[in-house]
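# Working through the structure, step by step
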Amino acid sequence: MYSLASMYHNAGKEMMCLVLLLSSYFFLYANALMVVNNNVNAHQKWLTYQASATACSSAKINVVDEELTYTCATFHKEYIIREAVYADLPNAASLITDGFHPELNNNPIARPFRVMLELDRLQNNFPYQDDRHLYLVCETKEEKKVVGFCDVDGRIPSMKKKENPFSPFASIVNRPHPYFSDLTVNPDYRRKGIASALVGEGERRAKDMQCQEMYLGVSSANTAALSLYSNMGYEIIVPTGDILEFVKRQEGVRMLRRTLD
């Protein structure tokens, strides 16, 4: 009888610890969402997309997002693309969660937990004044709402900092560079050229790094993304060497590459 009571007592303590741990996670996540950075350098904050000086010479921007072409004038009237600042990361984590894990959208427990994990990953990898790594966001001009996000990483393996070994996203295999990832757009703002505009700006930044090509990985099941990248000149490659080792750890991922003009 004593053993049974002791067992229930210990189980109760373990359950309480679990509840406290989850409560701490949710508290940290809620506080992160309220981060407001009012001291951001204005130049970095409002760095805008430069396609008007490059791809828009004919008054059209060649951005095809799910078979819809947006005129340059229309896009720049409604949106800007700029480098992300730290205060953007909670919104970016939500976008990534909703874009890559839509099955969690109506789950009041799993979705916040996943957002917290994505936020931890973005924060640990945030590019502080790194001219070969950046986060880009697309923001509405009127509401100042972040509706798109991507990561452009042009660092060579020897330049990369050691990642947090305790993070569930820690990587032990070098991925190709420059590597374009985490492209996601708010579902309410799709088919407006935002995804392709982010890709285009990512490519422009990669060329500024003196890179000759761009790599990215896409799930074999993501036919919409594969179609988008194919329309932009990306081709599926047969991975070898370090790229093969990287792909092996990404279940169902195809590696794509495009030579930059």
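Reading the values: rules and limits
- Residues numbered from 1 in each chain as written.
- Predicted model: local features only at pLDDT ≥ 70, side-chain atom pairs only at ≥ 80, totals over all residues.
- Heavy atoms only, no water.
- Phe/Tyr/Trp six-rings, centres within 6.5 Å; stacked < 30°, edge-to-face > 60°.
- Buried < 20%, exposed > 50% of the residue type's maximum accessible area, 1.4 Å probe, protein only.
- pLDDT = per-residue confidence, 0-100.
- Contact = heavy atoms within 4.5 Å.
- Pairing = 2+ DSSP bridges.
- Helix = DSSP H or I, 4+ residues; strand = E, 2+ residues; numbered from the N terminus.
- Axes fitted to C-alpha atoms, helices over the stretch in contact; angles between N-to-C directions.
- Salt bridge = Lys/Arg side-chain N within 4 Å of Asp/Glu carboxyl O.

Taken as a whole and assessed by the stated rule, the structure comprises eight aromatic pairs. Ring geometry for Y229 against Y234: centres 5.6 Å apart, planes inclined by 70°, an arrangement best described as edge-to-face. Y234 matches Y229 in its accessibility class, with the two residues each being buried. Cluster of aromatic residues (ring-pair linked, three or more members): Y86, F126, Y128, Y135 and F149.

Turning to the confidence of the model for the protein chain, a few remarks are in order. Interpretation of the predicted coordinates at a detailed level should be avoided for regions scoring low in pLDDT. The predicted model of the protein chain averages 77 in pLDDT, with 66% of residues at 70 or higher. Residue range residues 32–69 is modelled with pLDDT below 50. Its contacts to residues more than four positions away, or to other chains, number 71 contacts.

Moving on, we come to the sheet that holds strand β9 (residues 253–259). Strand pairing in a sheet relies on backbone hydrogen bonds, with the paired strands running either antiparallel or parallel. Taken in spatial order, the seven strands of this open sheet run β3-β4-β5-β6-β7-β9-β8, and their pairing is mixed. With partners counted over all chains shown, the strands left at the sheet margins are β3 (79–83) and β8 (235–236), one partner each. Contacts from helix α4 (residues 89–100) reach β4 (133–140), β5 (146–153) and β6 (179–185) within the one sheet, and its direction differs from that of β6 by about 85°.

What follows concerns unusual backbone geometry. Looking along the chain, the bond that leaves H177 and enters P178 is cis, with omega of -5°. Looking at the element boundaries, P178 is found in the loop between β5 and β6.

With that settled, consider the environment of C211. Looking at where C211 falls in the secondary structure, it is placed in the loop between α6 (194–208) and β7 (213–219). Sequence separation of C211 and L260 is 49 residues, and the distance between their C-alpha atoms is 7.8 Å. Every residue in contact with C211, bar those within four places of it in the chain, is listed here: R132, P178, A206 and L260.

On to the pattern of salt bridges, then. Taken as a whole and assessed by the stated rule, the structure comprises 16 salt bridges. Here D88 ties to R82 by a salt bridge, and the two come within 2.8 Å at their closest N and O atoms. A relative accessible area of 0% places R82 in the buried class. One salt bridge connects E213 with R257, and the closest N-O pair in it is separated by 4.0 Å.

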